[in-house]
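# Residue-level structure breakdown
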Amino acid sequence: MCGIVGYLSPNQEPHAKIIDLMLQKIQHRGPDGSGIWLDKHAGIILGHQRLSILDLSSTGAQPMKSQSGRFIIVFNGEIYNHLKLRDEMLRGGSGTPEWRGSSDTETLLAGFEFWGIEATLAKAVGMFAFALWDSKLNKLILARDRFGEKPLYYGWQGGVGNRIFLFGSDLSALRVHPAFSAEISRDNLALFMRYGYIGGEHSIYKGINKLKPGCILKISLSSLKLEISNWWSTELLISSNSNFRGDKEDAVKELESLLANSIRQQMLSDVPVGAFLSGGVDSTTIVSMMQAQSSSPIKTFTVGFYEDGYNEAEHAKKIAKYLGTDHTELYVNSRQALDVIQMLPTIYSEPFADASQIPTYLVSGLAGKQVKVALSGDGGDELFCGYTRYQMTKRYWNKVKFLPIPIRILLKQSIYSIPISAWDSFGRKINFPRFGDKLYKAANLLDKKNASELYGGIVSLWDKPNNLVIGSFEPKCSDMEAILSLENIGEIDRMMALDLVGYLPEDILTKVDRAAMSVSLETRVPLLDHRIVEFAWSLPLEYKINKGVDKWPLRKILYKYVPQELIDRPKMGFGIPLASWLRGPLKNWAEELLNEKKLDREGYLNSRVVRRAWSEHLSGKRNWAYQLWNILMFQMWLES
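So, here's what we can say about the structure. Fair warning: this is a prediction, and the values are worked out from it, not measured in the lab.

## Quick word on the overall build of the protein chain
Looking only at helices and strands, one finds 30 helices and 17 strands in the protein chain. Against the globule reference of 26 Å for 640 residues, the protein chain gives a C-alpha radius of gyration of 25 Å, in line with a compact fold. Across its three principal axes, the protein chain shows a C-alpha extent of roughly 80 × 60 × 50 Å. About 25600 Å² of surface is accessible on the protein chain, with carbon and sulfur atoms providing 50% of the total.

So, in structure tokens, the structure goes:
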């Protein structure tokens, strides 16, 4: 795993000194080496920071040329089946490459010459983002993996007659280019306030986009027009009618075979490999199957908290002991968390507000001291219906959908007409803590028109971010809009699909990639092998939720390795005790960032809305922890 940067400068020669500055900003993504390639006449320059995982020798260094010299690539990621692709080319007859080394980057370049670019990507199993220069056609090609495991930003900057096309793994690298304008998009800031991340093709800056997962971008030197298309379509996968034909036990056997193969491939490395272990179903399944394939104890890592209700480390420790892994754990207090908070704007080069970014960074740092690659269990919830909000949304919708919208709006207004303190007082009588806060949140969803809109309300932190961000008009995310437009798809399936194209790449995978790469650790996600994703979407919903038990096929596999009683417990998630910390050890830090005069001077956020939420949270009247975290993370990023 590495970092890539570059730019196309049609009207002037590119400068190696500029690309050097850009590379310095992403050195953490690849501290083992760097390289630059440029073509002055074409106006193209590519830069690469290397994290050596496969082929540690100089034959794996980048930028790398193809055998014929036609293609030059900077590549970030791993192709897990690259040795099989080499064998396939060998069996293919004439034109077989003469290999210089054993890297997957060289395999990819050879495939581009042997089969073509899109055909090679279709054969590839892996995670990646790359920039490729075609010297024959004078064309730049950018591409990103199927599910967005690796990042890639791009966009035009500079004035008329001096436009520069920038691209790279991280916005921090693009920012140092002299042509970069760094104008914040208020519209995209509103999108951030809704979700805690900037979704879809958008970024925090005007004129800079993210290449969407499964997309390929081409720009010819002759026309300078961007051509963006899908080489892989999650939407097409989800809308297809392919259904698994076996029974539930057949499904478990097939999934176990696919997952074992994926884990075997992803354990392939020329450097030490370990795994994150939270003690939940997904990570424990990955670790269990890794240990079954290993002749020595797998190194596992977890982070815990002293506060009740947030500590899964004790469960992870029991599982590690049962499996016999070489386990390391770290317990975190609020002081350590505050130390990490100061680093977050550097780790996440645009606003990002999933509070579990703190333990993710800490567990990555813990792992990075012993291994260079760590496998994770991400993806299981989106593929096998693991989030409790899926079934909760359906139950809520089934209760309210029969009421006409005007009646629901009237009911909402009636609930809001009674002060939250009065509802809380009633809640104490029936032993229901924070009853008013929870009732207000439920009432806010009453006017939703369908289950998808209801789900959108549940996952939104600020339901009306345009009221919070001054002068904003919240944009849509094209991938999510495409899923919403699909017909003949069940309510829960649509929720999972929305998360697969939205929450998973933009929150979960972004969180892990940036945190791990900040300490030069490569992370791999076996459940996102596209063959597993395809299989998961072929299963009927009743195979995923069997008699009310979520992630049923994963659990059936896991129970072969670990006793059921070690696993079956309420889902905790991977977070921090944010609400109490904001009222306690993080209060002064937050107060400084949420200062009314400061907010008014900056001019991005409605200080009246912010201060009301902060006051209600401090008093215990409402729990605005996660909404406030969005604001705090933006404020931290803005200051940096």
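Once you've had a look at it, read on.
## Comments concerning a nonpolar patch on the surface
A cluster of nonpolar side chains, Leu 403, Ile 407 and Leu 411, forms an exposed patch at the surface whose accessible area comes to about 230 Å². Structurally, the position occupied by Ile 407 is in helix 16 (residues 405-417). Its relative accessible area of 43% is what places Ile 407 among the partly exposed residues.

## Let's talk about helix 21 (residues 491-501)
Counting buried positions along helix 21 gives ten out of eleven residues, so the element sits mostly inside the fold. When we look at burial in helix 21, the residues that qualify are Ile 492, Asp 493, Arg 494, Met 495, Met 496, Ala 497, Leu 498, Asp 499, Leu 500 and Val 501.

## Focus on the pairing of strand 11 (residues 215-220)
Most of strand 11 is tucked away, with five of its six residues classed as buried. Sheet topology note: the strand 7 (residues 139-144)/strand 11 ladder contains five bridges and is antiparallel. Bridge pairing in strand 11 places Lys 139 opposite Ser 220. As judged from the five bridges shared by strand 11 and strand 12 (residues 226-230), these two strands associate in the antiparallel manner. The residue of strand 12 that forms the bridge with Leu 217 is Ile 228.

## Describing the pattern of salt bridges
Taken as a whole and assessed by the stated rule, the structure comprises 34 salt bridges. We note a salt bridge from Asp 32 to Lys 372, for which the minimum N-O separation is 2.6 Å. Note that Asp 32 is positioned in the loop between helix 1 (16-25) and strand 2 (33-39) and Lys 372 in the loop between helix 13 (357-368) and strand 16 (373-375), a separation of 340 residues in sequence. What makes Lys 372 partly exposed here is its relative accessible area of 22%. One salt bridge in this structure joins Glu 474 and Arg 194, with 2.6 Å as the shortest N-O distance. Remark: Arg 194 occurs in helix 6 (residues 186-195) and Glu 474 occurs in the loop between helix 19 (451-459) and helix 20 (478-484); sequence separation between them is 280 residues. Neither residue differs from the other here; Glu 474 and Arg 194 are each classed as buried. Each of Arg 29, Lys 150, Asp 513 and Arg 514 takes part in one network of salt bridges that share partners.

## Considering the packing of aromatic side chains
Under the defined criterion, the tally for this structure stands at 27 aromatic pairs. Ring geometry for Tyr 390 against Tyr 455: centres 6.0 Å apart, planes inclined by 35 degrees, an arrangement best described as tilted. Placement of Tyr 390 in helix 15 (residues 388-400) and of Tyr 455 in helix 19 is noted, with a sequence separation of 65 residues between them. Just as Tyr 390 is buried, Tyr 455 falls in that class too. Measuring from ring centre to ring centre gives 5.0 Å for Phe 432 and Phe 435, while their planes differ by 65 degrees; the resulting arrangement is edge-to-face. Taking the relative accessible area as the measure of exposure, Phe 432 reaches 35% and is therefore partly exposed. Through pairs of rings, three or more aromatic residues link up here, namely Phe 71, Phe 75, Phe 112, Phe 128, Phe 130 and Trp 231. A cation over a ring is seen here: Lys 123 above Trp 115, with NZ or CZ 4.8 Å from the ring centre. Geometry around Tyr 387 places Arg 389 over its ring, the cationic atom sitting 4.1 Å from the centre.

## Topic: unusual backbone geometry
Look at the link from Gln 62 to Pro 63: it is a cis peptide, with omega at 0 degrees. Locating Pro 63 in the fold gives a position in the loop between strand 3 (44-50) and strand 4 (64-65). Within the chain, Leu 224 stands out as a residue other than glycine whose phi angle is a positive 60 degrees. On the secondary structure map, Leu 224 appears in the loop between strand 11 and strand 12. You can call Leu 224 partly exposed: its relative accessible area is 28%. Although it is not a glycine, Cys 385 adopts a positive phi angle of roughly 60 degrees.

## Focus: the pairing of strand 7
Counting buried positions over the six residues of strand 7 gives six, a clear majority of the element. Residues Lys 139, Ile 141 and Ala 143 of strand 7 are buried on one face, and the alternating residues Leu 140, Leu 142 and Arg 144, pointing to the opposite face, are buried as well. As judged from the six bridges shared by strand 6 (residues 126-134) and strand 7, these two strands associate in the antiparallel manner. What sits directly across from Trp 133, in strand 7, is Leu 140. Connecting strand 6 to the next strand, strand 7, in antiparallel fashion are four residues, including Asn 138 with a positive phi near 50 degrees.

## Looking at the environment of Leu 174
As for its placement among the helices and strands, Leu 174 is situated in helix 5 (residues 171-175). Between the C-alpha atoms of Leu 174 and Leu 383, which are 209 residues apart in sequence, the distance is 34 Å. Those residues in contact with Leu 174, other than ones at most four positions away along the chain, are Met 22, Tyr 153, Leu 166, Phe 167, Gly 168, Phe 180 and Ile 208.

## A closer look at the sheet that holds strand 3
Overall, antiparallel pairing links the six strands, which are arranged 2-3-1-9-8-10 in an open sheet. The sheet is open, and its two borders are formed by strand 2 and strand 10 (209-210), each paired with just one other strand. Against the sheet, helix 1 engages strand 1 (2-8), strand 2, strand 3 and strand 9 (164-168), with an angle of about 145 degrees to strand 1.

## A look at the sheet that holds strand 13 (residues 273-276)
On the basis of which strands lie adjacent, the open sheet formed by five strands has the order 15-14-13-16-17 and parallel pairing. The sheet terminates laterally at strand 15 (326-332) and strand 17 (522-524), the two strands that pair on one side only. Each adjacent strand pair in this sheet contributes to an overall mean axis angle of 30 degrees, direction not counted. Pairing of strand 14 (residues 299-305) with strand 15 involves seven bridges; the strand directions are parallel.

## Comments concerning the environment of Leu 446
Along the chain, Leu 446 falls in the loop between helix 18 (435-443) and helix 19. Taking the C-alpha atoms as reference points, Leu 446 and Gly 457, separated by eleven residues in sequence, lie 9.8 Å from one another.

Rules used throughout
Residues numbered from 1 in each chain as written. Predicted model: local features only at pLDDT ≥ 70, side-chain atom pairs only at ≥ 80, totals over all residues. Heavy atoms only, no water. Helix = DSSP H or I, 4+ residues; strand = E, 2+ residues; numbered from the N terminus. Rg over C-alpha atoms; globule rule 2.2 N^0.38 Å. Areas by Shrake-Rupley, 256 points an atom, 1.4 Å probe, with all protein chains shown as cover. Patch = residues over 30% accessible without salt bridge, like charges linked within 9 Å, V, L, I, M, F, W, Y side chains within 5 Å. Salt bridge = Lys/Arg side-chain N within 4 Å of Asp/Glu carboxyl O. Buried < 20%, exposed > 50% of the residue type's maximum accessible area, 1.4 Å probe, protein only. Pairing = 2+ DSSP bridges. Phe/Tyr/Trp six-rings, centres within 6.5 Å; stacked < 30°, edge-to-face > 60°. Lys NZ or Arg CZ within 6 Å of the ring centre and 35° of its normal. Contact = heavy atoms within 4.5 Å. Axes fitted to C-alpha atoms, helices over the stretch in contact; angles between N-to-C directions.

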